[in-house]
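# Fold and geometry: a report
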Amino acid sequence: MPEGHTLHRLARLHQRRFAGAPVAVSSPQGRFAAAAAAVDGRVLRRTSVWGKHLFHHYADGPIVHVHLGLYGTFTEHATPMPAPVGQVRMRMVGTEYGTDLRGPTVCELLDDAQVADVVARLGPDPLRRDADPQWAWTRITKSRRPIGALLMDQTVIAGVGNVYRSELLFRHAIDPYRLGRAITEAEFTAAWTDLVALMKVGLRRGKIIVVRPEHDHGAPSYLPDRPRTYVYRRAGDPCRVCGTTVRTAELEGRNVFWCPECQR
């Protein structure tokens, strides 16, 4: 599932490609046809993001809400657009570029009140200027759930996925199974500050880069085109810092990765 920085990059791209002019919107697949017709030909005023939720704000009120989920993708083409291939939920066509959306978990039309309801269910987004870390800290410090689960809970912090979760905890030597209420405020503040910085790098570079320069050597990344990670998808491999075998286990339905020596 794309993490928060990916959605912010998409929002910036769509702002450059489509905002300020009428956009042709359709649903070749048909599942979004009525909503697409409601915004077809309207001017896209702006885009916004909260966590993993992308919003397209059109003139006179309608807002398209997209959550990519595990399988959703946007595919961009220069105009004229080729014929749709596969199950295209939504097609947007501007003057020079168009994009096809396939496989999202959510693609729907909302009004301002409904958008507010979506946002009200989410925790602070580290990439937003209005993010309030104190709100997340209050939730964490009162919780008996493991911190590894809390970081993935979008109602606590919006936009964090499995890579940032596992890597952030490693960078701050925190066992993913430590209870939220056992995290100190100093630990949370340091981790939040680091998370903001890491996600800004991801936003700028388009990649999750988490390994410090002094550790960025040795074993390759878990996929050929990805930067190295400390623990994510490295179960059974030696820790880049201490050499201990990296472990993995399921935590509330998702695999978490950690070093049992560095994260005691």
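Residues numbered from 1 in each chain as written. Predicted model: local features only at pLDDT ≥ 70, side-chain atom pairs only at ≥ 80, totals over all residues. Heavy atoms only, no water.

The chain is annotated in an unreviewed UniProt entry as Endonuclease 8 1 from Mycobacterium branderi. Under the heading Catalytic activity (unreviewed entry), UniProt records this for the chain: "2'-deoxyribonucleotide-(2'-deoxyribose 5'-phosphate)-2'-deoxyribonucleotide-DNA = a 3'-end 2'-deoxyribonucleotide-(2,3-dehydro-2,3-deoxyribose 5'-phosphate)-DNA + a 5'-end 5'-phospho-2'-deoxyribonucleoside-DNA + H(+)". Quoted verbatim from the Sequence similarities (unreviewed entry) heading of the UniProt record, the comment on the chain is "Belongs to the FPG family." (UniProt positions renumbered as here; feature names shortened; annotations may be inferred.)

### Details of the overall build of the chain
Broken down by element type, the chain carries 7 helices and 10 strands. Relative to the 2.2 N^0.38 estimate, which gives 18 Å for 264 residues, the radius of gyration of the chain is 20 Å and therefore close to what a compact globule would have. Dimensions of the chain, computed from C-alpha atoms along their principal axes, come out at roughly 55 × 40 × 30 Å. Across the 264 residues that make up the chain, the buried fraction comes to 49%. (Helix = DSSP H or I, 4+ residues; strand = E, 2+ residues; numbered from the N terminus. Rg over C-alpha atoms; globule rule 2.2 N^0.38 Å. Buried < 20%, exposed > 50% of the residue type's maximum accessible area, 1.4 Å probe, protein only.)

### Notes on the UniProt feature "domain: FPG-type" (unreviewed entry) in the chain
UniProt's feature table lists "domain: FPG-type" (unreviewed entry) at residues 230-264, given in the numbering used throughout. Between the first and last C-alpha atoms of residues 230-264 the distance is 15 Å; the span itself is 0% helix and 29% strand.

### A short note on the layout of surface pockets
Here the largest pocket is characterised by a volume of approximately 570 Å³. Lining the largest pocket are 25 residues; nearest its centre among them are Met1, Val163, Ile208, Tyr222 and Arg226. When contributions to the lining of the largest pocket are tallied by element, the ones reaching two or more residues are helix H1 (4-18), helix H6 (162-171) and strand S10 (254-258). In the lining of the largest pocket, the residues fall into 10 nonpolar, 7 polar and 8 charged. Around the second largest pocket, the lining is made up of 17 residues, and of these His8, Arg12, Leu127, Arg128 and Arg129 lie nearest the centre. Broken down by secondary-structure element, the contributors of at least two residues to the lining of the second largest pocket are H1, strand S2 (44-50) and helix H7 (185-205). In the lining of the second largest pocket, the residues fall into 8 nonpolar, 4 polar and 5 charged. (1 Å grid on protein atoms, 1.4 Å probe; cavity = no way out; pocket = protein on both sides within 12 Å on 5 of 7 lines; lining within 4 Å. Points joined across faces, edges and corners; volume = space filled by probe spheres on them. Nonpolar A, V, L, I, M, F, W, Y, C, P; charged D, E, K, R; others polar.)

### Points about empty space enclosed by the protein
This model, assessed by the stated rule, comprises 1 cavity of 30 Å³ or more. The computed volume of the largest cavity comes to approximately 100 Å³. Looking at the largest cavity, it is lined by 13 residues, and the ones nearest its centre are Ile140, Ile147, Leu151, Phe188 and Ala191. Among the secondary structure elements, those contributing two or more residues to the lining of the largest cavity are H6 and H7. Take the lining of the largest cavity: its biggest share by element is 5 residues, from H7. Of the residues assigned to the lining of the largest cavity, the class counts are 12 nonpolar, no polar and 1 charged.

### Some points on unusual backbone geometry
Proline 80 follows threonine 79 through a cis peptide bond whose omega is 0°. Backbone geometry at aspartate 60 places phi at a positive 70°, although glycine is not the residue there. Mapped onto the fold, aspartate 60 is located in the loop between strand S3 (53-58) and strand S4 (63-67). The backbone of alanine 173 sits at a positive phi, close to 55°, despite the residue not being glycine. If you trace the backbone, alanine 173 turns up in the loop between H6 and H7. Residue class for alanine 173 comes out partly exposed when judged on its relative accessible area of 36%.

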